[in-house]
Amino acid sequence: MLSEQERKKQLKEIKKENQRRYREYNKNKRKKVERSIYETKLKDENNLLEIDNLHTYFYTDLGTVRAVDGVSFNIPKGKTIGVVGESGCGKSVTSLSVMRLLQEPQGQIASGELRFALRDGRTINLAKAPINEMEHVRGNEISMIFQEPMTTLNPVFTIGKQISEVLALHTKLTKQELINKTYELIDMVGIPNPERIYRMYPHELSGGMRQRIVIAMALACDPQLIIADEPTTALDVTIQAQILDLMRNLKDKIAASIMLITHDLGVVAEMADEVVVMYAGRIIEQGTTMDIFKNPLHPYTIGLMKSRPNMIGPDEKLYSIPGNVPSPVNLPDHCYFKNRCESCIAKCSSKYPELISVSPTHKVACYRYVKEA
């Protein structure tokens, strides 16, 4: 346990280091970025986005928060990838890193590559792309459905104004064409009487209708990749089903890929082609939906599956994974799930386990499966 004086000294050193990083970040941000620095190539032409060893850190007064710590996975063209895990495991920060919407300079992409294939045939590293390139990508090539529609929509502008603004930024449509296209988008997401909705404000719509409007905004420019961050949160079950059906139909219609972030394993089972399970900023298991649901390997994934509501007996309690997610500041070198794991072995106290392949489509980061790999 540190003394008060030692603690103050430590906090002073952390603050000094953070200020150095902020200055370095702002200095690099002002520099002109040459195309050769951020233009790259995909490792597999079938992929739309390749997230390669992504590290996203937040430099706070308490220390460095390693929110995303070495995450790697691909999003193939026309596929849906489900990203699951508890709150605070790094799912949303991964998506915000792709969109470059981190709270800067506190939040920074420390290292890693985000290779994305543009419509014009180029491939760029989103982690190093300049702001003007990202302004073209956001909304046009990659769009995001945020978690809470009421905070996503601006309360002082009408629905029509907010949807048409997206189109105006990325297209050269005339004023009347913008209005007509907005009517089409409102109608496409299943809301009747688009002319009336066009003139309404967000507070005049129900939660389900607001969520549909947010989806309409996200699909306005026919993006290649849709990032859906908890798209059915705070909606009742019937509306959730409608929103998921809508997303599935629209994905097929515009041939887009989806990165689906959710806590709901039922949604993942229904929507995703592949599943990525995250814990404390790292991937602990990934595979096809069949792999994860029929044969979960990591104790954390098994715990998630057991904690799903089902037709249990009247005297049985719903399973709960013991303990809590560790603090992302000063994480230990051993497996982060070790203190919550019911299948812990002696080797779990050594170096953090690598992600190993147990089948061509199934990977897991656990020492219990080293021999199988």
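1. Regarding the overall build of the chain
Move 1: When you go through the chain residue by residue, the secondary structure sums to 13 helices and 13 strands.
Move 2: In summary, the chain has a C-alpha radius of gyration of 22 Å against a globular reference of 21 Å for 373 residues, a match within 12%.
Move 3: In terms of overall dimensions, the chain has C-alpha extents of about 70 × 60 × 45 Å along its principal axes.
Move 4: The buried share among the 373 residues of the chain stands at 48%.
Move 5: Relative to all contacts within the chain whose residues are 6 or more apart in sequence, the contacts with residues 24 or more apart total 65%.
Move 6: Split by element, the accessible area of the chain, about 19,400 Å² in all, is 50% carbon and sulfur.
Move 7: The averaged location of the 45 negative side-chain charges in the chain is 6 Å from the averaged location of its 50 positive side-chain charges.

2. Remarks on the sheet that holds strand E8 (residues 225-229)
Move 1: Ordered by their spatial adjacency, 8 strands build an open sheet running E7-E8-E9-E4-E10-E11-E13-E12, and the pairing between neighbours is mixed. The open sheet is flanked by strand E7 (142-145) and strand E12 (356-359), the only strands paired with a single partner. Looking at each pair of strands side by side, their axes are set apart by 20° on average, direction ignored.
Move 2: Strand direction decides the pairing type here: E12 and strand E13 (residues 362-364), joined by 3 bridges, are antiparallel.

3. A short note on the environment of Arg-199
Move 1: Assignment of secondary structure puts Arg-199 in the loop between helix H8 (194-198) and helix H9 (207-218).
Move 2: Here the alpha-carbon distance between Arg-199 and Lys-161, two residues 38 residues apart in the chain, equals 8.3 Å.
Move 3: Looking at Arg-199, its side chain comes within polar contact range of the main-chain oxygen of Glu-195, at 3.1 Å.

4. Quick word on the packing of aromatic side chains
Move 1: Inspection of the entire model under this criterion finds 5 aromatic pairs.
Move 2: Between Tyr-279 and Phe-337, the ring centres sit 5.3 Å apart and the planes meet at 90°, which makes this aromatic pair edge-to-face. Within this pair, whereas Tyr-279 is found in strand E10 (residues 274-279), its partner Phe-337 is found in the loop between helix H13 (299-306) and E12, the two being separated by 58 residues in sequence.
Move 3: A relative accessible area of 4% means that Phe-337 is categorised as buried.
Move 4: An aromatic cluster of at least three residues, connected via ring pairs, comprises Tyr-279, Tyr-300 and Phe-337.
Move 5: When the ring centre of Tyr-352 is taken as reference, the NZ or CZ atom of Arg-282 above it lies at 4.1 Å.

Rules used throughout
Residues numbered from 1 in each chain as written. Predicted model: local features only at pLDDT ≥ 70, side-chain atom pairs only at ≥ 80, totals over all residues. Heavy atoms only, no water. Helix = DSSP H or I, 4+ residues; strand = E, 2+ residues; numbered from the N terminus. Rg over C-alpha atoms; globule rule 2.2 N^0.38 Å. Buried < 20%, exposed > 50% of the residue type's maximum accessible area, 1.4 Å probe, protein only. Contact = heavy atoms within 4.5 Å. Areas by Shrake-Rupley, 256 points an atom, 1.4 Å probe, with all protein chains shown as cover. Lys, Arg positive; Asp, Glu negative; His and termini not counted. Charge placed at Lys NZ, Arg CZ, Asp CG, Glu CD. Pairing = 2+ DSSP bridges. Axes fitted to C-alpha atoms, helices over the stretch in contact; angles between N-to-C directions. Polar contact = N/O pair within 3.5 Å; in protein donor to acceptor, adjacent residues only side chain to side chain. Phe/Tyr/Trp six-rings, centres within 6.5 Å; stacked < 30°, edge-to-face > 60°. Lys NZ or Arg CZ within 6 Å of the ring centre and 35° of its normal.

Everything listed here is a matter of coordinates, which is why it stays silent on function.
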